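Results of the structural survey
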Amino acid sequence: ESKFAYGLPGSIDPIQEFDPFGFADGATLAQMKGYRESETTHGRVAMLALVGFLVTEAPVKFHPLFEMGKNDIGPAIRHLDEVRAVVPSFFEILAVSIGLAEVFRALKGWESPGGDTGRVLKDDYFPGDIGFDPFGLKPDNAEDFAAMSTKELQNGRVAMLAVAGFIAQELINGKEIFVSAGLVPDTFDPSSLPVQF
């Protein structure tokens, strides 16, 4: 209990025990586990979003939902408009898929509502460890698992900042990331999109 954040993974050099807003101060173990669960989950989503930004925009232009061919659909923040035009039921399918994933996560790590424990997460549940490891990467011992969890948290933190920056940049100038960086030419025609702003 005397360790920062109850000794949960996430603290790393060069700035150990970094908590500028004081979330860890006075937090119970259950609250701290909840914070780590949220941070891990949001970090995973941000890492996927980061990959999505980079591979669906110029110069790569790969999109798993439709053939782009010579069609330039511009910045990633506008891609869902095109997806909706090509697959009208996409958002309903997405909502059901996310709902199923969240139900699985809740059943794995969260206490049943109305229980008398007063806890949100189960005692034997480690934040972020939902048992999904198709490639067998999860270490067997606690020390290696903590190191891997710290790396995942750090990468997730950087991804959250990067995605926030990407979104802000694309909202400000309407240009793709690599176009704004001057690495590829700007060939996007906004009038080609199904939804105009």
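Residues numbered from 1 in each chain as written. Predicted model: local features only at pLDDT ≥ 70, side-chain atom pairs only at ≥ 80, totals over all residues. Heavy atoms only, no water.

A closer look at the packing of helix H2 (residues 79–86) against helix H3 (residues 90–109)
We count it as follows: Every axis corresponds to a line fitted to the C-alpha atoms, with the helix fit spanning only the stretch in contact, and the corresponding angles, defined between N-to-C directions, vary from 0 to 180 degrees. Every helix listed is a DSSP run of H or I at least four residues long, and every strand listed is a run of E at least two residues long, numbered separately from the N terminus. By definition in this entry, angles of less than 35 degrees are roughly parallel, angles greater than 145 are roughly antiparallel, angles of 65 to 115 are roughly perpendicular, and the rest are oblique. Contacts between residues were defined by any pair of non-hydrogen atoms, one from each residue, lying within 4.5 Å.
Relative orientation of the contacting elements H2 and H3 amounts to 110°, with a least axis distance of 8 Å. Classed by the angle they form, the pair H2 and H3 counts as roughly perpendicular. Contacts between H2 and H3 involve Leu80, Val83 and Arg84 from the former and Phe90, Phe91 and Glu92 from the latter.

Things to note about H3
Convention followed: Here a helix's expected span is defined as the number of its residues, less one, multiplied by 1.5 Å. Buried residues are those whose accessible area, probed at 1.4 Å on protein chains only, stays under 20% of the maximum for their type, while exposed residues exceed 50% and partly exposed ones sit between those limits. Of all possible arcs, the one meant is that of the directions from the helix axis to the C-beta atoms.
End to end, H3 covers 29 Å across 20 residues, agreeing with the expected 28 Å (1.5 Å per residue, within 8%). Within H3, burial applies to Phe90, Arg105 and Gly109. When H3 is viewed along its axis, its buried side chains cluster within an angular range of 45° and face the same direction. Exposed and oriented more than 90 degrees from the buried face of H3 are Val96, Leu100 and Leu107. Tucked into the core, H3 has its buried residues touching helix H1 (29–56) and H2.

Everything listed here is a matter of coordinates, which is why it stays silent on function.
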